[in-house]
Amino acid sequence: MSPPCHTSALLLVFVVLAVAGAEQSEERSCDVVGDESSESQMERALLKKLEPLSHMRFNVTVEKDKTESYIYHFRVCREVNSTSHDFGGLVQTDKHSGKTTVIGRINETQVFNGSDWIMLIYKGGDSYGRHCSGEKRRAVIMISCKRGVTASSFSIISEEREKEQECFYLFEMDSSVACPAENSHLSVGSILLITFVSLIAVYIVGGFLYQRLVVGAKGMEQIPHFAFWQDLGNLVADGCDFVCRSKPRNAPAAYRGVGDDQLGEESEERDDHLLPM
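What counts, and at which threshold
Residues numbered from 1 in each chain as written. Predicted model: local features only at pLDDT ≥ 70, side-chain atom pairs only at ≥ 80, totals over all residues. Heavy atoms only, no water. Pairing = 2+ DSSP bridges. Helix = DSSP H or I, 4+ residues; strand = E, 2+ residues; numbered from the N terminus. Axes fitted to C-alpha atoms, helices over the stretch in contact; angles between N-to-C directions. Contact = heavy atoms within 4.5 Å. Disulfide = S-S within 2.5 Å. Buried < 20%, exposed > 50% of the residue type's maximum accessible area, 1.4 Å probe, protein only.

The mixed open sheet is built from 8 strands, whose spatial order is β1-β2-β3-β4-β5-β6-β8-β7. The sheet is open, and its two borders are formed by β1 (57–63) and β7 (152–160), each paired with just one other strand. On average, each strand axis in the sheet is tilted by 25° relative to the strand beside it, whichever way the strands run. In terms of strand pairing, strand β4 (residues 100–113) meets strand β5 (residues 117–124) through 7 bridges, oriented antiparallel. Opposite Asn 113, over in β5, you have Ile 118 as the bridge partner. Sheet contacts for helix α2 (residues 41–49): β4 and β5; angle to β4, the most-contacted strand, approximately 120°.

A few words now on the state of the cysteines. The term disulfide refers to a covalent linkage connecting the sulfur atoms of a pair of cysteines. For the coordinates displayed, the defined rule picks out 3 disulfides. Two residues, Cys 132 and Cys 167, share a disulfide whose sulfurs are 1.8 Å apart. Sign of the S-S torsion, about -100° for the bond between Cys 132 and Cys 167, identifies this disulfide as left-handed. With a gap of 35 residues between them, Cys 132 in the loop between β5 and β6 (139–145) and Cys 167 in the loop between β7 and β8 (168–175) connect regions that are remote in the sequence. Here Cys 167 falls in the buried class, since its relative accessible area comes to 1%. Here the cysteine-cysteine linkages of the protein are recorded as 1-2, 3-5, 4-6, numbering only bonded cysteines and doing so in sequence order.

Right, dumping it as structure tokens:
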């Protein structure tokens, strides 16, 4: 093989490997049951809300007796084993035999929510053998609100397989992604008050700096619009004086001290001997 042909072959192999690696590295995510056009905005919003949990893996071990012991592997909108390409979002592993069973697949997802919870359902799992008329397994994961916790307490609640149809595995976990948005505790009046105080602070500080640095004022003159505020203070003081002191200033006091009359009489009696006889 000539050198140019050899180089071209190596380049082609490199491109194929790069494309294959890119396809393998891109993990598949949840696909809601039904056509893409039938997905509601609510379902898309809930799947977007669950994205922070997609990089996490959850496991729980269940031992029923000495012969039955299982490990359940769960991922939120991602495959548990991306190399197997089975879309398995929740997989059961038998600890004794090592056999794996897909409980639910991410390409058949349903999702809905309440005020403080999100229900994630994986359908299309491996078929039952002797139970539930051989229908496909289904995993139901209840995600409850717990603020301050990204994800915790993943556990299995029960497996309902005694019915003829609609059997399921029920799991639960806690996460802050299921919590509603916290409303602001500030009322409209509080917001207006904070805004007003902020404007006053800007006015005082900005005016002070302008008077001092630009105008070159000193002392009380550094207060912005000092003459206006001084006149306003005088007017307020006059108003208070007028309202609170309704009587003329030269009116005699209504209160007289104890003994005033006696003092007056004594002074007159003391002056009688000075009159001419």
